[in-house]
Amino acid sequence: MWKNIQPAPPDSILGLTDEFRKDKNPRKVNLGVGVYKDDTGNTPILRCVKLAETELVEKQASKSYLPISGDPAYAAAVQRLILGEGNEVIGAGRAVTAHAPGGTGALRVGADLIHQFSPQARVWVSSPTWANHNGIFGAAGFGIERYAYYNPESKGLDFEHMMSDLKKIPAGDVVVLHTCCHNPSGVDLSHGQWRQVAALAAQSGWVPFLDFAYQGFGDGVDEDRFAVEQFAAVGVDFFVASSFSKNFGLYNERVGAITVVTPSASEATVAMSHLKTVIRTNYSNPPSHGGLVASTILNSSELQAMWLAELAEMRNRIVGMRKDLVAGLARQGVEGDFSFIEQQRGMFSFSGWSDEVVQWLRKNSSIYVVGGGRINLAGLTTSNIDYVCAAVAEAMKA
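K.L.:
Help me out: how do you make sense of the packing of helix H3 (residues 72-83) against helix H12 (residues 289-298) in this one?
P.N.:
The relative placement of two packed helices is expressed as an angle between their axes plus a distance between the axes. Taken N-terminus to C-terminus, the directions of H3 and H12 make an angle of 60°; their axes are 9 Å apart at the nearest point. Regarding the angle of H3 to H12, the classification is oblique. In this structure, the crossing between H3 and H12 has a hand that is left-handed. Along the contact surface, H3 presents Ala73, Tyr74, Ala77, Arg80 and Leu81, while H12 presents Gly291, Ala294, Ser295 and Leu298. Counted by class, the contact of H3 with H12 contains six nonpolar, two polar and one charged residues.

K.L.:
For this particular structure, what's the right way to read unusual backbone geometry?
P.N.:
Residues other than glycine predominantly adopt negative phi, and peptide bonds predominantly adopt the trans conformation. At the junction of serine 127 and proline 128, the peptide bond is cis and its omega measures out at 5° in the coordinates. Here proline 128 lies in the loop between strand E3 (122-127) and helix H6 (131-139). At arginine 254, a residue that is not glycine, the phi angle is positive and equals roughly 55°. Inspection of the secondary structure puts arginine 254 in the loop between strand E9 (238-243) and strand E10 (255-261). Within the chain, serine 366 stands out as a residue other than glycine whose phi angle is a positive 55°. Residue placement: serine 366 occurs in the loop between helix H15 (355-365) and strand E12 (367-368). Its relative accessible area of 6% is what places serine 366 among the buried residues.

K.L.:
I'm lost on the sheet that holds strand E2 (residues 95-101) in this one. Help?
P.N.:
The strands making up a sheet associate through backbone hydrogen bonding, with each pair oriented either parallel or antiparallel. Strand order in the open sheet formed by seven strands is E2-E10-E9-E8-E7-E3-E4, and the pairing between neighbours is mixed. Edge strands, defined here as strands with exactly one partner in the open sheet, are E2 and strand E4 (143-148). Taken pair by pair, the neighbouring strands of this sheet meet at an average axis angle of 25°, ignoring direction. The strands touched by H3 are E2, strand E8 (207-212), E9 and E10; relative to E2, the strand with the most contacts, the crossing angle is about 110°.

K.L.:
I tried to follow the pattern of salt bridges on my own but got confused; where do I start?
P.N.:
Pairs can form between side chains of opposite charge whenever their charged atoms are close. Under the definition given, this model contains 17 salt bridges. Between glutamate 88 and arginine 94 there is a salt bridge, and its shortest N-O distance comes to 2.8 Å. Here arginine 94 falls in the buried class, since its relative accessible area comes to 6%. Between arginine 122 and glutamate 145 there is a salt bridge whose closest N-O contact spans 3.6 Å. Of this pair, arginine 122 sits in strand E3 while glutamate 145 sits in strand E4, placing them 23 residues apart in sequence. The partly exposed category is assigned to arginine 122, whose relative accessible area is 29%. Judged by its relative accessible area of 29%, glutamate 145 falls in the partly exposed class.

The rules behind the values
Along each chain, the written sequence defines residue order, and numbers are assigned to residues from 1. Given that the model is predicted, a residue must reach a pLDDT of at least 70 before its local features are reported, and side-chain atom pairs must reach 80 or more before they are shown or counted; all residues, however, enter totals for whole chains, interfaces and linings. Hydrogens are left out, water is left out, and the side-chain values use all remaining heavy atoms of the structure. The axes used here are C-alpha line fits, helices contributing only the stretch in contact, and every angle between their N-to-C directions lies in the interval 0 to 180 degrees. The helix and strand labels rest on DSSP assignments: H or I over at least four residues marks a helix, E over at least two residues marks a strand, and numbering proceeds from the N terminus. Should an angle fall under 35 degrees it is called roughly parallel, over 145 degrees roughly antiparallel, and 65 to 115 degrees roughly perpendicular, with every other angle called oblique. If you view the pair so one helix is near and one far, a crossing is left-handed when the near helix is turned anticlockwise from the far one by less than a right angle, and right-handed when it is turned clockwise. We call two residues in contact when some of their heavy atoms are within 4.5 Å. For this classification, the nonpolar set comprises Ala, Val, Leu, Ile, Met, Phe, Trp, Tyr, Cys and Pro, the charged set comprises Asp, Glu, Lys and Arg, and every other residue, Gly included, is treated as polar. We call a residue buried when its accessible area falls under 20% of the maximum for its residue type, exposed when it is over 50%, and partly exposed in between, using a 1.4 Å probe and counting protein chains only. Paired strands, in this sense, are two strands between which DSSP finds at least two bridges. The salt bridge definition used is simple: a Lys or Arg side-chain nitrogen within 4 Å of an Asp or Glu carboxyl oxygen.

Below is the structure:
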């Protein structure tokens, strides 16, 4: 059956990682895939995760199926984390949460749920956005549109054009918003700008779909949920796809959640009934281990305090690499002002490097960067930062 079918193109990011693995250069550097690495270049297992897993091994008595929506204790922990302890939405029962296989699974489940009742709706994503947004919502049957976001000249947010575009979006359409640590640009909205966007959503009637993959990698766990709190406060229907891949380091456990927030508890109950139907026909029920690990940590004051400290270490290391990269480029005499890299947040940055520079770095120095110049700052270490900066300086002159 495959004789006359052409191979699918490789994923732009994961395909880059495959090339990196095949590279024999001992000095190779991967600044592509969005995975946190410590200063030794390793993606660590957090200490709190190890302790939680030890506890689970000792206490877990069964490997039976979880409920379709996952463990209720996990859902409650997710809601406290993304909405904040004591948020009115939780007390009023206006939110329902289902355990999903990673943030990607959460996005797809939410997309399938919306498409079931609004098949004519369009999905609007930022320009640029995480490439898989297009694939996920497109595969769910949606037409994809774009709204202005990043200004390549200022290396910052084009908020005026963004608001102009959002004002034109009709009621019922879906707007995907990066809650913090925008991927791929690293450029986020200010608190005042989030208030304006939330107010516009309430006024216009389009449906916010918040992609919350990097909570804690911006300014902190509490600070990074500001956008979620704003949409909750205006009382609109909205969705949150959250992930524990980055902030818990649970990449291969695929731990995420889809949360649906509604104006009333009765509507939330209806939403959950259909959410379960979507899950049942997709993967029936979620895998347990990673969710139990996250739930164990978030429901233990001791383990949660340890997690917050380890998360702060990761966040601060990335901030340090941003500063070191800017300083290193300056030392190498690279022309231009790269201070914008220090202003961005999270793991990613639009470096401003052209595709020609990106190709040169890969070919001549085995430094792997995604097309368009997006870099993962966590791929930089104290042992490779000088090598990278020197290579960039040489590539700029080539």
